[in-house]
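Each chain, letter by letter, is given below.
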Amino acid sequence: MPQDHPKAARLLPSVLAFCIAVLGSSAAAQSDDPEAQYELARRYSSGVGVPMDKERALKLFTSSAAQGFAKAEYELANHYRGRTGRALDLDMASSYLERSARHGYVPAQVDLGFVYFNGSGRTPKDLVRSFHWFKRAADGGAVIAQCMVADFYKQGLGGVERNPREAFRWYRMTATRADRCAAKSQYELYASYASGSGVRRDLPTAMDWLKRAAEAGNPQAQRTLGRAYENGVGAPRDLVLARMWLRKSREGVAPHDDHEHEDEPRAAHAPGPAHAH
């Protein structure tokens with residue numbers, strides 16, 4: 001319709017630019033540019049701008065990885081780990097993951113840190129190597145790796161000298177980040193301020209971090225906060241809040257992992273006849 005012409009005219013430059021980009025990346029890929037091959041492989045893998053072609057994508061990822069392009073190596077590691085549902089070769093996956101990590105790709109470094117941290121039949125647990133890769137990923141800005149580095153310093157794992165001050169520094173760095181490990185870091189800051197480990201003891205600040213961790217969903221923090229309200233330690237005694245946080249701490253926990261009566265503040269039970277007035 002005529003009224004659609006201005007809209008079509010506005011879209012035309014962006015459509016042309018997209019087509020030129022696809023053609024350009026295709027030409028660059030044919031000239032053995034590893035980054036262009038990777039980008040074109042992603043397009044074929046997802047069907048963006050070109051017909052979806054998983055086999056061609058795999059060939060382009062493989063060609064790019066053969067030239068040491070870390071992102072392509074990581075794609076192949078995930079492919080051979082079975083994450084695409086099209087292949088499973090754990091030896092190939094391990095080889096590509098190690099290569100990608102060594103070439104500086106932070107997500108691969110994080111994954112490799114966890115591979116050595118957890119261990120498996122093919123890869124024995126090795127906390128020294130685990131810390132090495134977590135530290136490299138942490139220096140590269142990976143928040144989950146920074147949280148793991150904090151744990152290594154706190155517990156003295158993998159040959160790392162126990163260092164509460166350094167652990168506190170890493171926990172403080174991650175506590176306000178948008179990552180799933182932030183709530184745990186908030187709880188660790190509570191523990192540090194409450195005990196004076198790595199920082200000057202400060203109970204009000206400790207309780208602030210405990211509340212943040214509980215509100216962020218950390219079960220350990222929720223349970224600790226519930227007990228604090230129950231006993232009036234660090235917070236005014238409040239059995240209603242105690243009961244609420246103790247119950248929240250068990251959400252998603254299997255019944256056999258805990259006992260229901262432990263959710264109730266001990267002081268909330270009705271007094272026996274000996275205490276009647």
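Structure: above.
Residues numbered from 1 in each chain as written. Predicted model: local features only at pLDDT ≥ 70, side-chain atom pairs only at ≥ 80, totals over all residues. Heavy atoms only, no water.

A. Spotlight on the overall build of the chain. A tally of regular secondary structure across the chain gives 13 helices and zero strands. The order of α-helices and β-strands along the chain, N terminus first, is α-α-α-α-α-α-α-α-α-α-α-α-α. Counting across all 277 residues of the chain, residues that qualify as buried make up 39%. Within the chain, contacts between residues separated by at least 24 positions form 41% of all contacts whose residues are at least 6 apart in sequence. Carbon together with sulfur atoms contributes 53% to the accessible area of the chain, which is approximately 15,700 Å² in total. (Helix = DSSP H or I, 4+ residues; strand = E, 2+ residues; numbered from the N terminus. Buried < 20%, exposed > 50% of the residue type's maximum accessible area, 1.4 Å probe, protein only. Contact = heavy atoms within 4.5 Å. Areas by Shrake-Rupley, 256 points an atom, 1.4 Å probe, with all protein chains shown as cover.)

B. Fine view of helix α9 (residues 164–174). Buried within α9 are the following residues: Glu166, Ala167, Phe168, Trp170, Tyr171 and Thr174. In the core, the buried residues of α9 are packed alongside α7 (127–139), α8 (143–155) and α10 (182–195).

C. Main features of the packing of aromatic side chains. Inspection of every chain in the model, using the stated rule, returns twelve aromatic pairs. Centroid distance Tyr38 to Phe61: 5.8 Å. Interplanar angle 55 degrees. Geometry classified as tilted. Of the two residues, Tyr38 sits in helix α2 (residues 34–46) while Phe61 sits in helix α3 (residues 54–66), which places them 23 residues apart along the sequence. Lying over the aromatic face of Phe117, Lys125 brings its terminal NZ or CZ to 5.7 Å of the ring centre. Note that Arg169 overlies the ring of Trp170, its terminal NZ or CZ placed 4.9 Å from the centroid. (Phe/Tyr/Trp six-rings, centres within 6.5 Å; stacked < 30°, edge-to-face > 60°. Lys NZ or Arg CZ within 6 Å of the ring centre and 35° of its normal.)

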